[in-house]
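# Fold and contact review
So the chains spell out like this:
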Amino acid sequence: MNKELMEALDILEKEKEISKETLFEAIENSLMTACKNHFGKADNVHVEINRETCDFLVYAEKEVVPTKDDVEDDCLQIALEDAQEISKKAQVGDMIHVEIKSKEFGRIATQNAKNVILQKIRDCTEAGKIVDGHAPLLSAKDLNAYIAAGVQSDHECSNIEEAMEKLRLGQYIMIREGTAAKNMEALMPLFREPYCSRCMLVTDDKHPGDLLDSGHIDSNIRKAIRLGADPAVAVKMATLVPAQYFGFKQRGAVAPGYRADLVVVSDLESFTVEQVYKNGTLVAEHGKTLKPAPLDIDRVRFSHVMDSFDLDEITLQDLELRESGEQERVICLNRGELLTEEKIIPFQRHPGKAPGVDPEHNIVKLAVFERHHHSGHVGIGFLGNFSLKCGAVASSIAHDSHNLIVAGDNDTDMILAGNTVRKNKGGLAFVADGQVVAELALPVAGLMSTESAESVAAKMQALNDALKAHGVAEDIGIFMTLAFVSLPVIPKLRLNTYGIIDVAQQKVVPAVF
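Presented here is a report on the structure given in the accompanying data block. (Residues numbered from 1 in each chain as written. Predicted model: local features only at pLDDT ≥ 70, side-chain atom pairs only at ≥ 80, totals over all residues. Heavy atoms only, no water.)

Turning next to the overall build of the protein chain. Check the secondary structure of the protein chain and you find 14 helices and 23 strands. If you line up the protein chain on its principal axes, its C-alpha atoms span 90 × 60 × 50 Å. Buried positions account for 42% of the 513 residues belonging to the protein chain. For the protein chain, contacts bridging at least 24 residues in sequence account for 54% of all contacts bridging at least 6. Entry remark: accessible area of the protein chain is about 26,900 Å², with carbon and sulfur atoms responsible for 52%. Averaging the positions of the 55 positive and the 78 negative side-chain charges in the protein chain gives two centres separated by 4 Å. (Helix = DSSP H or I, 4+ residues; strand = E, 2+ residues; numbered from the N terminus. Buried < 20%, exposed > 50% of the residue type's maximum accessible area, 1.4 Å probe, protein only. Contact = heavy atoms within 4.5 Å. Areas by Shrake-Rupley, 256 points an atom, 1.4 Å probe, with all protein chains shown as cover. Lys, Arg positive; Asp, Glu negative; His and termini not counted. Charge placed at Lys NZ, Arg CZ, Asp CG, Glu CD.)

Rendered as structure tokens:
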């Protein structure tokens, strides 16, 4: 039985008030279209889904001909000897159902999905929209194909060679400097002509505390100047180049006819923001907004956003390893980067720790729980170079699907950490010795808070202080690092609800073998 599909259909029928039969027919038509697009025939491909089990059968109806030499079109015809392997009663002239095996159909469906993505890119381009990219370490012919598809920028460059290749091939480069990923220093050669006219400053993810303490793009400008960039060039890369890239007319510069969106700074070294003007009106001064807008959420209209956790309480059974063996595969973090490495080590067994955990070498257990559709999917793996010394941390910020991710050295604390975030309808939690040490609720889609930035930053600081007291270095952004561990588009390994993903091969690989 295809349990996952059955559960998904039940949810759709309930939430969207669409009959299950209508959904079955839509799926059958979609699968049939994928097959027909692949085989180029309109009438001989059929899809049937069992309404009780959700198992599906895909087959092509073919005419039986005497020999293989008589097969003029293998999409429409089949030789008698091959047909009799399917049905011993098959005779020349009969029409016989030839099943399209799941492996072949999976390849067809994958190609169809690729075509859908390419069409979306074409639709955006034709509508005058910008298509931003996300392709770390892509190079040579693969990069050419990626750019030719219409992707115009990249924010994942971690070394100057990668950035230069993408620039030469026509992409814009977004130089990232945030809480977890810090690539600016490696890309400083771009802060001069002719490169700077096609480069922008971005942060990607940045914690509220970091925003309050050091700022946003202004912080990146300050760092660039400190590293030797011409202040005028750094400002241009933060203002005019992004405005031009995204097609914002009359913005990004101080000039006649341009919109009066202005920032007044103290000087070009400390670059302290003194005032902010929007459309010529002073809206902020000395770090304070002058007329803050009240937060007003329609909780009825956005009930699905305010209650986004569809996940049963986590139990010990959910954390059981599905595989066995004498070796384990570890997702190894690199400090200051999002790229990971693969490490194969003997399977670890240490008293008082979850199987697979190695405290001496900073290897913890990792789990990702699907939280949106009540599917019950859980991926289990191991994370290396993660500086958590004891207990467990959990977060519902986990790019890009934002499922619940939990890391720890023992199952008991992992269960409590995960269930604490679940109880809060999203957020962060740190648990040690069976006790919740610190937590931050993020009930808006499991990602945001209705509280002020200052309040969230204070609670985030309490979490960091608790982690520091338990041996985590102060400059390690554990939660920001954890947020990227389940993003299955950044090499080498990631963990999502299906298990460990080898990004280059785009396939699931075992955690234990």
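Our next topic: the pairing of strand β17 (residues 392-395). Residues of β17 alternate between two faces, with A392 and A394 on one and V393 and S395 on the opposite face, all of them buried. Two elements, β17 and strand β18 (residues 404-408), share four bridges in a ladder whose sense is antiparallel. Of the residues in β18, the one forming a bridge with S395 is I405. In this sheet, strand β19 (residues 427-432) lies alongside β17 in antiparallel orientation, the contact comprising four bridges. Looking at the pairing, S395 lines up with L428 of β19. (Pairing = 2+ DSSP bridges.)

What follows is about the state of the cysteines. This model, assessed by the stated rule, comprises zero disulfides. Between C157, a free cysteine, and C199, which holds the nearest cysteine sulfur, the sulfur-to-sulfur gap is 8.7 Å. (Disulfide = S-S within 2.5 Å.)

Put simply, helix α8 (residues 217-226) and helix α9 (residues 231-238) touch, their axes get as near as 9 Å, and they point 150° apart. When the interaxial angle is binned, α8 and α9 end up roughly antiparallel. Read as a crossing pair, α8 and α9 show a hand that is right-handed. For the pair α8 and α9, the contacting residues are I217, I221, A224 and I225 in the first and P231, A234, V235 and A238 in the second. (Axes fitted to C-alpha atoms, helices over the stretch in contact; angles between N-to-C directions. Parallel < 35°, antiparallel > 145°, perpendicular 65-115°, else oblique. Left-handed = near helix turned anticlockwise from the far one by under 90°.)

Quick look at unusual backbone geometry now. Trans is the prevailing form of peptide bonds, just as negative phi is the prevailing case for residues other than glycine. The step from H399 to D400 runs through a cis peptide bond, and the omega angle for that step is -10°. By the element assignment, D400 lies in the loop between β17 and β18. Residue K492 is bonded to the preceding P491 through a cis peptide linkage, with omega at 0°. Mapped onto the elements, K492 comes out in the loop between α14 (478-483) and β21 (493-496). One non-glycine residue, D204, lies in positive phi territory at about 60°. Looking at where D204 falls in the secondary structure, it is placed in the loop between β8 (199-202) and α7 (208-214). Despite not being glycine, Q506 has its phi angle at roughly 50°, a positive value.

This next bit is on the sheet that holds β17. Overall, mixed pairing links the eight strands, which are arranged β14-β13-β16-β15-β18-β17-β19-β20 in an open sheet. Unpaired on one side and paired on the other, β14 (340-346) and β20 (435-441) mark the two borders of the sheet. The mean inter-strand angle of the sheet, taken between neighbouring strand axes irrespective of direction, is 25°. With six bridges connecting them, strand β15 (residues 364-369) and strand β16 (residues 378-384) associate as antiparallel partners. Residue pairing in the sheet places K365 in a bridge with F382 of β16. Packed onto the sheet, helix α13 (residues 453-469) meets β17, β19 and β20 and runs at close to 155° relative to β20.

Within the open sheet, the four strands sit side by side as β5-β6-β7-β8. Their pairing is parallel. Looking at the sheet topology across the chains shown, the edges are occupied by β5 (132-133) and β8. For β5 and strand β6 (residues 153-154), the ladder comprises two bridges, and the chain directions are parallel. Paired with G133 across the two strands is D154, which belongs to β6. Together, β7 (172-176) and β8 form the strand contacts of α9, whose direction differs from that of β8 by roughly 80°.

What follows covers the environment of S303. The topology assignment puts S303 in helix α11 (residues 303-306). Measuring from C-alpha to C-alpha, the distance between S303 and V444 comes to 9.6 Å, with 141 residues separating the pair along the chain.

Let us now look at the pattern of salt bridges. Applying the stated criterion to the full structure yields 16 salt bridges. One salt bridge in this structure joins R329 and E342, with 2.6 Å as the shortest N-O distance. Of this pair, R329 sits in strand β13 (residues 327-333) while E342 sits in strand β14, placing them 13 residues apart in sequence. Given the relative accessible area of 11%, R329 is considered buried. Between K492 and E342 there is a salt bridge; the shortest N-O distance is 3.6 Å. Placement of the pair is K492 in the loop between α14 and β21 and E342 in strand β14, with a sequence separation of 150 residues. Judged by its relative accessible area of 29%, K492 falls in the partly exposed class. Judged by relative accessible area, which is 34%, E342 ranks as partly exposed. (Salt bridge = Lys/Arg side-chain N within 4 Å of Asp/Glu carboxyl O.)

This part is about the nonpolar core. Soluble globular proteins tend to pack their nonpolar side chains together in the buried interior. Residues L366, L383, F386 and V393 are the most contacted members of the largest nonpolar core, which totals 40 residues. Of the residues forming this core, the biggest block, five residues, is contributed by α13. Grouped together as the second largest cluster of nonpolar side chains are 25 residues, I173, I221, A229 and A238 included. (Core = buried A, V, L, I, M, F, W, Y, C linked by side-chain atoms within 4.5 Å.)

In this section: the packing of aromatic side chains. Aromatic rings considered in pairs are described by the distance between their centres and by the relative angle of their planes. In total, this model carries four aromatic pairs according to the counting rule given. Judged by centre distance (4.8 Å) and plane angle (50°), the rings of Y172 and Y245 are tilted. Separated by 73 residues along the polypeptide, Y172 in strand β7 and Y245 in helix α10 (residues 240-245) bring together distant segments of the chain. Using a relative accessible area of 18% as the deciding quantity, one classes Y172 as buried. Measuring from ring centre to ring centre gives 4.7 Å for Y245 and F246, while their planes differ by 75°; the resulting arrangement is edge-to-face. (Phe/Tyr/Trp six-rings, centres within 6.5 Å; stacked < 30°, edge-to-face > 60°.)

Moving on: α13. Along its 17 residues, α13 runs 24 Å from first to last C-alpha, staying within 8% of the 24 Å computed at 1.5 Å per residue. Every buried residue of α13 is accounted for by V456, A457, M460, L463, A466 and L467. If you follow the buried residues of α13, they end up packed against α7, β17, β19, β20 and α14. Once α13 ends, the next one or two residues include G471, with phi positive near 100°. (Expected span 1.5 Å × (residues − 1).)

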